[in-house]
Amino acid sequence: MGRIESALCGNKLEFGIMLNTIRRISLSKRYRDDEKGNVSLMFAVSAVAVIGCMGAAMDFSTLSNAKHQSQSIADQLALAAAIYVKDNDTPPTDKNEGYTQGDHTAADLGFAYKGWVEGGASNVNVNVNYDDRVKEATVTVTGKTVPTFMQVLGKHDMSFKATSTVSYLQVDEMQPASVVMVLDNSGSMRWDSRKLLAGNVRVPNPTARIDQLKTSVTKFRTDLKARIGDQKKNDGHRVLRTGILPYNSEIIARDNDKDRRMAWGFGGVSNSFINEMSAEGGTNSNPPMKEATVWLEGEDAKHRKEANDHDEAYREPIKFVVFMTDGQNSTGDYDFIADNSTGIYWKLVDGEWVGTRNWWAVYYGYDEGYLKLASDRQTLESCNEMKTKDVKIFTVGFGLEVGKYYDPEFPNDPAEVTQATRSSALSLLSQCASKPENVIIVGEGDSLQGAFDQIQNAVVKELIRIKS
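All of these numbers come straight from a predicted model, not from anything done at the bench.

Looking now at the overall build of the protein chain. A count of helices and strands for the protein chain gives nine helices and 16 strands. Scored against the burial criterion, the 468 residues of the protein chain give a buried share of 41%. The long-range fraction of contacts in the protein chain, counting pairs at least 24 apart against all pairs at least 6 apart in sequence, stands at 74%. Looking at the protein chain as shown, the accessible area adds up to about 25200 Å², and 51% of this sits on carbon and sulfur atoms.

Here it is as structure tokens:
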């Protein structure tokens, strides 16, 4: 009896196992064949990946910004340190004289990192080293950014480092250069540089855009002059020529000087030129960029004559254009775009486009389509022409944050930057620049002066050959 019960129990157990196996196979098959929810599952997996990539991209963008700022600081300080030693034959021993040997914080030296780094500028170390044996000044900037997404993966900080070395002796070996500044003086430059707060309230201590531009260009001129010298005629071989082209709907001519040209040293970007800038009119960057192209074409001959006058070998000048705007082009010529769906017919009559909705106009030479402002296309043509001649173009976008701004001419009617305006301006600036890193966008709360400091460092870095 015991054996029979045992056998029956064994058979029941085997049968149960077999039944469960069949059920599992059937259930698996149902899951395999049922495609309901596959899209949701795929979307969920993809979403995680996309969010992860976006988060990592934001963290690396922050790191990149910190590195970029650090390199600018390192270049600026190394150049200043080398020039100090060249002028005084010894490194500074007091911080009031210059950048002393050893460690400093970025905050102590007057620099900011805008929340990019752990502890802010006070936690960014700046090491200044003078090596009199090889006659070099080296500045190393180090710090850490605070990641957001990467912390989930256990990465609590990301280190950055930038180094710049300048020889004391290389300061005298400057490369000839020509710099043209194309500066927006249109009506929107009278607006506040920062957006209105809730309820159309102005930010504390508002600054007009045109005033920021004047201050920034003045400092650009002053600092560049201090770094490379006055460039006076009797001081030896001059290496720098400058020019300024303020514009609105056209080039703004200086009073009694409508045929202004480039000049040696800083005569082309004189304080009087800067102070005369004022905000009014529309925006058309085509005329000044076209003129900048013409100016730079004649620069080789000017530098060649200077070298010959001093019995020195001619070196082809490095050419720079600084193109700054606070919005999109709004005036200028128009291109006709053929389009048989518009119902509007156009014809160029005595230099003016005339439009009509009368279909019979085709018998009188009219074509169906629409008009598109040509200023961007024409500006880019000048940019591309200059780039083929190795001109280094920097572009600066200022006050392009979407929102409302105070306009003193219409105090009760806030001005506005739309997404379309921002996109159009950024597209032109990015296409015009000679390389992506030459595009500088001054965001909400950023300093326009910081943008010009960055460009100045890049210019001096080319003129005074930096070792690394």
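Back to the text.
Overall, the coordinates contain 21 salt bridges when judged by the stated rule. Notably, a salt bridge pairs arginine 190 with glutamate 409, separated by 3.4 Å at the nearest N-O pair. One end of the pair, arginine 190, is in the loop between strand S5 (177–184) and helix H3 (209–228); the other, glutamate 409, is in the loop between strand S14 (403–405) and strand S15 (415–417), and 219 residues separate them in sequence. For arginine 190, a relative accessible area of 19% corresponds to the buried category.

In this section: the layout of surface pockets. In this structure, the second largest pocket encloses a volume near 450 Å³. Contributions of two or more residues to the lining of the second largest pocket are made by helix H2 (38–88), strand S13 (392–398) and helix H9 (448–463). The greatest single-element share of the lining of the second largest pocket, amounting to five residues, is contributed by H9. Partitioning the lining of the second largest pocket into residue classes produces three nonpolar, seven polar and seven charged.

Even without glycine at this site, asparagine 200 takes up a positive phi of about 60 degrees. The residue asparagine 200 is located in the loop between S5 and H3 in this model. Phi angles above zero are rare outside glycine, and asparagine 205 is one such case at about 50 degrees. Examined against the element boundaries, asparagine 205 turns out to sit in the loop between S5 and H3.

A separate point is the sheet that holds strand S8 (residues 318–325). Read from one edge to the other, the open sheet built from six strands follows the order S7-S6-S5-S8-S13-S16, with strand pairing classed as mixed. Of all the strands in the sheet, just strand S7 (263–264) and strand S16 (439–442) have a single pairing partner and so form its edges. With four bridges joining them, S13 and S16 adopt parallel strand pairing. Residue pairing in the sheet places threonine 395 in a bridge with valine 439 of S16. Along the sheet, H9 contacts S5, strand S6 (240–247), S8, S13 and S16; its crossing angle with S13, the most-contacted strand, is approximately 170 degrees.

Another point: helix H5 (residues 286–297). Given a rise of 1.5 Å per residue, twelve residues ought to cover 16 Å, and the 17 Å separating the end C-alpha atoms of H5 matches this to within 8%. All of the buried residues in H5 are Asn286, Pro288, Met289, Ala292, Thr293, Trp295 and Leu296. Buried residues in H5 make contact with S5, S6, helix H6 (299–309), S8, helix H7 (375–388) and helix H8 (419–432).

Another aspect to go through is the state of the cysteines. This structure, assessed with the given rule, holds one disulfide. Bridging cysteine 383 to cysteine 432, the disulfide has an S-S length of 1.8 Å. Taking the sign of the S-S torsion, about -65 degrees here, the bridge from cysteine 383 to cysteine 432 comes out left-handed. Taken together, the residues span a long stretch of sequence, with cysteine 383 in helix H7 and cysteine 432 in helix H8 at a distance of 49 residues. Residue class for cysteine 383 comes out buried when judged on its relative accessible area of 0%.

Put simply, the protein chain has an average pLDDT of 85, and 82% of its residues get 70 or more. Mean pLDDT values for the elements of the protein chain range from 45 in helix H1 (residues 2–33) up to 98 in H7. In the model, residues 1–19 has pLDDT below 50 throughout and makes zero contacts with residues more than four positions away in sequence or in other chains.

Our next topic: empty space enclosed by the protein. In total, this model carries four cavities of 30 Å³ or more according to the counting rule given. Its volume calculated, the largest cavity comes out at about 60 Å³. For the largest cavity, the full set of lining residues is Ser193, Arg194, Phe398, Gly399, Leu400, Glu401, Tyr405, Val442, Gly443, Glu444, Gly445 and Asp446. Classifying every residue of the lining of the largest cavity by side-chain character gives four nonpolar, four polar and four charged. Taken together, Tyr247, Thr283, Ser285, Phe323, Thr325, Gly327, Gln328, Asn329, Asp376, Ser424, Ala425 and Leu428 make up the lining of the second largest cavity.

Where H3 contacts H9, the axes come no closer than 9 Å and their chain directions differ by 25 degrees. One finds that H3 runs roughly parallel with respect to H9. At the point where H3 passes H9, the crossing takes the right-handed sense. Facing H3, whose interface residues are Gln212, Leu213, Thr215, Ser216, Val217, Lys219, Phe220, Asp223, Leu224, Arg227 and Ile228, H9 presents Leu448, Gln449, Phe452, Asp453, Ile455, Gln456, Asn457, Val460 and Leu463. Split into classes, the residues belonging to the contact of H3 with H9 amount to ten nonpolar, six polar and four charged.

Turning next to the sheet that holds strand S1 (residues 102–105). Within the open sheet, the four strands sit side by side as S1-S2-S3-S4. Their pairing is antiparallel. One side of each edge strand has no neighbouring strand; the edge strands of this open sheet are S1 and strand S4 (158–167). Here the strands of the sheet are splayed against their neighbours by 20 degrees on average, with no regard to which way each runs. Two strands pair when backbone bridges link them, and S1 and strand S2 (residues 125–131) are joined in this way by four bridges, in the antiparallel orientation. Looking across to S2, one finds that threonine 105 is bridged to asparagine 125.

Conventions and cut-offs
- Residues numbered from 1 in each chain as written.
- Predicted model: local features only at pLDDT ≥ 70, side-chain atom pairs only at ≥ 80, totals over all residues.
- Heavy atoms only, no water.
- Helix = DSSP H or I, 4+ residues; strand = E, 2+ residues; numbered from the N terminus.
- Buried < 20%, exposed > 50% of the residue type's maximum accessible area, 1.4 Å probe, protein only.
- Contact = heavy atoms within 4.5 Å.
- Areas by Shrake-Rupley, 256 points an atom, 1.4 Å probe, with all protein chains shown as cover.
- Salt bridge = Lys/Arg side-chain N within 4 Å of Asp/Glu carboxyl O.
- 1 Å grid on protein atoms, 1.4 Å probe; cavity = no way out; pocket = protein on both sides within 12 Å on 5 of 7 lines; lining within 4 Å.
- Points joined across faces, edges and corners; volume = space filled by probe spheres on them.
- Nonpolar A, V, L, I, M, F, W, Y, C, P; charged D, E, K, R; others polar.
- Pairing = 2+ DSSP bridges.
- Axes fitted to C-alpha atoms, helices over the stretch in contact; angles between N-to-C directions.
- Expected span 1.5 Å × (residues − 1).
- Disulfide = S-S within 2.5 Å.
- pLDDT = per-residue confidence, 0-100.
- Parallel < 35°, antiparallel > 145°, perpendicular 65-115°, else oblique.
- Left-handed = near helix turned anticlockwise from the far one by under 90°.

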